[in-house]
Amino acid sequence: MSTENLPQSPEQPARKPRVAVVFGGRSSEHGISVVTAGAVLAAIDRTKYDVLPIGITRDGRWALTADEPERMAITDRRTPDVEELAESSEGGVVLPVDPGSREVVYSEPGSVPKALGEVDVVFPVLHGPYGEDGTLQGLLELSGVPYVGSGVLASAVGQDKEYMKRVFTSFGLKVGPYVVIRPREWEQDRSAARKKIVDLAGEHGWPLFVKPARAGSSIGITKVDELSGLDEAIEEARRHDPKILVEAALRGREIECGVLEFEEGPRASVPAEIPPPTEHAYYDFEAKYIDSTPGIVPAPLTAGETAEVQRLAVEAFEAASCEGLVRADFFLTEDGEFVINEINTMPGFTPISMYPQMWQASGISYPELVDRLVQAALRRSTGLR
């Protein structure tokens, strides 16, 4: 029997990929993560993607939040908070633990859980521990949900400045002089721990920079000009991380370079230079985010210097097995050598942040950058790769 003249069922329109933008978190970089999420939510192409904003409160609750990017900006020198955006003070979002399902569920005490639909990809714009350090990435691997950015190992290496430097050194990348003070060292023999730091200063001079080993956004960092300020700086760093890193100051220009994953592999942006801030001792949190000290894009480098820092940025990306995106930070020393300071696997990502600015100068707008990252995540599977 011919079906030629029978009524045909209308074709169902293809479902748009659903992107869960996850932000906030338990680290001291909570507020900057919310600002970043606001920028991503404002830029993501709503004709191409469905979007689900999920905020993680400072105490770790996954909250369904308002999709209102304008409420996620810094106002009166104050960063926003997930609790202010949450639709409920008690409700929680739960990701699937079964890799065969990507259904996200929302529940409140005393209410029937509500299915929010499937999520195709997670865009985790968390900074610092419990988000950028491989912990969230491990959860997403268990859930079988693709995500933007590096996997478990690269995220962990990128968060821990000690092991980051060890990896880079093993691949032949030059790093500056440093020592690490582990929790047990400081708690059991402060004199011996202090001597390690003083010996570093004796060999390389003051000032030293005392940092939390696993934090970002320049939070908890102190520039120490003499021995009398050392203990206070250590305690400040330990408020954010019991393991600290102490670095000798490097004399030179601060140069940054973005790396982005393309279909054929990672590619470097034009580099930027961070000039010494005039109202801050160094490029600290307030200089970066509150006072928005402008960088110079592109950096005034020779063609040879530009090519070299781009090569080294991609090399660092590959050395740590990164995916998606990385911002690589260098010092160009007075003798013309590039020394890598660190990488960020989820760098500051507001439109005024250096990573998007470098790609803007390289010909990729902020909305296109967001789209490329989502598309790169959708191309990858979870699991070993």
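Residues numbered from 1 in each chain as written. Predicted model: local features only at pLDDT ≥ 70, side-chain atom pairs only at ≥ 80, totals over all residues. Heavy atoms only, no water.

### Some words on the sheet that holds strand 2 (residues 50–56)
Inference 1: Pairing within the open sheet is mixed, and its four strands lie in the order 3-2-1-7. In this open sheet, the two strands that pair with only one neighbour each are strand 3 (62–64) and strand 7 (121–124). Strand-to-strand twist across the sheet, computed as the mean angle between neighbouring axes with direction ignored, equals 30°.
Inference 2: The sheet contact formed by strand 1 (residues 18–24) and strand 7 spans four bridges and is parallel. What sits directly across from V19, in strand 7, is V121.
Inference 3: The strands touched by helix 12 (residues 366–379) within the sheet are strand 1 and strand 7, with strand 7 carrying the most contacts at an inclination of about 130°. (Pairing = 2+ DSSP bridges. Helix = DSSP H or I, 4+ residues; strand = E, 2+ residues; numbered from the N terminus. Axes fitted to C-alpha atoms, helices over the stretch in contact; angles between N-to-C directions. Contact = heavy atoms within 4.5 Å.)

### A word on helix 7 (residues 190–204)
Inference 1: The end-to-end C-alpha distance of helix 7, which contains 15 residues, comes to 21 Å, matching closely the 21 Å that a straight helix rising 1.5 Å per residue would cover.
Inference 2: Taken as a whole, helix 7 has its buried residues at A193, I197, L200 and A201. Down the axis of helix 7, the smallest arc covering the buried residues is 100°, so these residues share one side. Along helix 7, exposed side chains directed more than 90 degrees from the buried face belong to S191, K195, G202 and E203.
Inference 3: Residues of helix 7 that are buried sit in contact with strand 8 (178–181), helix 6 (183–188), strand 9 (208–212), helix 8 (230–238) and strand 11 (244–248).
Inference 4: One or two residues past the end of helix 7 sits G205, with phi positive at roughly 90°. (Expected span 1.5 Å × (residues − 1). Buried < 20%, exposed > 50% of the residue type's maximum accessible area, 1.4 Å probe, protein only. Arc of directions from axis to C-beta.)

### Regarding the sheet that holds strand 11
Inference 1: On the basis of which strands lie adjacent, the open sheet formed by four strands has the order 8-11-9-10 and antiparallel pairing. Two strands lie at the open edges of the sheet, namely strand 8 and strand 10 (222–224), each paired on one side alone. When the angles between neighbouring strand axes are averaged without regard to direction, this sheet yields 25°.
Inference 2: Of the strand pairs in this sheet, strand 9 and strand 10 are connected by three bridges, and their pairing is antiparallel. Each residue of the ladder has a partner; that of V210, found in strand 10, is T222.
Inference 3: The strands touched by helix 8 within the sheet are strand 9, strand 10 and strand 11, with strand 9 carrying the most contacts at an inclination of about 25°.

### Looking at the confidence of the model for the protein
Inference 1: When pLDDT is averaged across the protein, the result is 90; 92% of the residues are at 70 or more.
Inference 2: Throughout residues 1–10 the model reports pLDDT below 50, and contacts reaching past four residues in sequence, or to other chains, amount to one contact. (pLDDT = per-residue confidence, 0-100.)

### Notes on the nonpolar core
Inference 1: With 35 residues, the main nonpolar core has V21, F23, F123 and F349 as its most contacted residues.
Inference 2: Broken down by secondary-structure element, the contributors of at least two residues to this core are strand 1, helix 1 (30–43), helix 2 (82–85), strand 7, strand 12 (252–262), helix 11 (354–361) and helix 12.
Inference 3: When residues no more than four places from it in sequence are discounted, the contact partners of V21 are A37, V40, L41, V51, L52, P53, I54, F123 and V125.
Inference 4: Listed in part, the 28 residues of the second largest apolar core include I255, C257, F338 and I340. (Core = buried A, V, L, I, M, F, W, Y, C linked by side-chain atoms within 4.5 Å.)

### A short note on the environment of F349
Inference 1: Counting through the fold element by element, F349 comes out in the loop between strand 16 (338–344) and helix 11.
Inference 2: As a C-alpha pair, F349 and A37 span 312 residues in sequence and 8.4 Å in three-dimensional space.
Inference 3: Not counting the four nearest positions on each side in its chain, F349 is found in contact with T36, A39, V40, F123, L325, Y355, P356, Y366, L369, V370 and L373.

### Some words on the environment of A115
Inference 1: Among the structural elements, A115 can be located in strand 6 (residues 114–118).
Inference 2: Here the alpha-carbon distance between A115 and V93, two residues 22 residues apart in the chain, equals 9.7 Å.

### Observations regarding the environment of K196
Inference 1: Residue placement: K196 occurs in helix 7.
Inference 2: With 15 residues separating them in the primary sequence, K196 and K211 have C-alpha atoms 15 Å apart.

### Details of the pattern of salt bridges
Inference 1: If you walk through the whole model with that rule in mind, you get 35 salt bridges.
Inference 2: For K195, the salt bridge identified is with D199, shortest N-O distance 2.9 Å. In this pair, K195 and D199 both sit in helix 7, four residues apart, roughly one turn of the helix.
Inference 3: The exposure class of D199 is partly exposed, given its relative accessible area of 40%.
Inference 4: One salt bridge in this structure joins E261 and R380, with 3.0 Å as the shortest N-O distance. On the criterion of sequence distance, the pair formed by E261 in strand 12 and R380 in the segment after helix 12 is long-range, its members being 119 residues apart.
Inference 5: Because the salt bridges share partners, they merge into one network encompassing E141, E261, E323, R380 and R385. (Salt bridge = Lys/Arg side-chain N within 4 Å of Asp/Glu carboxyl O.)

### Some points on the packing of helix 1 against helix 12
Inference 1: Put simply, helix 1 and helix 12 touch, their axes get as near as 9 Å, and they point 95° apart. Here helix 12 runs roughly perpendicular to helix 1, going by the angle between their axes. Of the residues in helix 12, those in contact with T36, A39, V40 and A43 of helix 1 are Y366, P367 and V370.
Inference 2: Classifying every residue of the contact of helix 1 with helix 12 gives six nonpolar, one polar and no charged. (Parallel < 35°, antiparallel > 145°, perpendicular 65-115°, else oblique. Nonpolar A, V, L, I, M, F, W, Y, C, P; charged D, E, K, R; others polar.)

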